[in-house]
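Below are the chains, spelled out letter by letter.
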Amino acid sequence: MAKLAEKELSEELIQEVINEFNLEVIAVTEEQSVAAGILRLATKPLGLSLGDRLCVALARSLSKPVITTDRPWEKLAIEGVEVRLLR
């Protein structure tokens, strides 16, 4: 959403684009938020944000891969987390 907003798309158009993906929104659990905090040290050298760490924690808790276009994530070595680069 932020990237679309940076391109100055209207809020309405951003919502339409996001809806096209038919994504499930999952609330962050206390366990995932604690995991994201603990991941800070392991991910700091890669510059991962809180949102990035929450993504990693969610992927690990769901046993799903993280899908990203961010090259630095290739170096992410977190047990139980598979990273797939799109490009």
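What counts as what
- Residues numbered from 1 in each chain as written.
- Predicted model: local features only at pLDDT ≥ 70, side-chain atom pairs only at ≥ 80, totals over all residues.
- Heavy atoms only, no water.
- Axes fitted to C-alpha atoms, helices over the stretch in contact; angles between N-to-C directions.
- Helix = DSSP H or I, 4+ residues; strand = E, 2+ residues; numbered from the N terminus.
- Parallel < 35°, antiparallel > 145°, perpendicular 65-115°, else oblique.
- Left-handed = near helix turned anticlockwise from the far one by under 90°.
- Contact = heavy atoms within 4.5 Å.
- Nonpolar A, V, L, I, M, F, W, Y, C, P; charged D, E, K, R; others polar.
- Buried < 20%, exposed > 50% of the residue type's maximum accessible area, 1.4 Å probe, protein only.
- Arc of directions from axis to C-beta.
- Salt bridge = Lys/Arg side-chain N within 4 Å of Asp/Glu carboxyl O.

Let us now look at the packing of helix H3 (residues 30–38) against helix H5 (residues 50–62). Between H3 and H5, the shortest axis-to-axis distance is 8 Å and the interhelical angle comes to 125 degrees. Considering their axes alone, H3 and H5 lie oblique with respect to each other. Where H3 crosses over H5, the handedness of that crossing is right-handed. For the pair H3 and H5, contact is made by Gln32, Ser33, Ala35 and Ala36 and by Leu50, Arg53, Leu54, Ala57, Leu58, Arg60 and Ser61, respectively. Classifying every residue of the contact of H3 with H5 gives six nonpolar, three polar and two charged.

By the burial criterion, the buried members of H3 are Gln32, Ala35 and Ala36. Seen end-on, H3 carries its buried residues on one side only, within an arc spanning 100 degrees. Exposed and oriented more than 90 degrees from the buried face of H3 are Glu30, Glu31 and Ile38. Buried residues along H3 sit in contact with helix H4 (40–43) and H5.

Position of isoleucine 26 relative to the elements: it lies in the loop between helix H2 (11–20) and H3. When the C-alpha atoms of isoleucine 26 and leucine 58 are compared, they prove to be 8.9 Å apart, with 32 residues separating the residues in sequence. In this structure isoleucine 26 touches Leu58 and Leu62, once residues within four positions along its chain are discounted.

Side-chain pairs of opposite charge can arise whenever the charged atoms involved come near each other. For the structure shown, the criterion picks out three salt bridges. Its salt-bridge partner being arginine 84, residue glutamate 82 comes within 2.9 Å of it at the nearest N-O pair.

Phi is positive for glutamate 8, which is not a glycine, with a value near 65 degrees. Inspection of the secondary structure assignment puts glutamate 8 in the loop between helix H1 (2–6) and H2.

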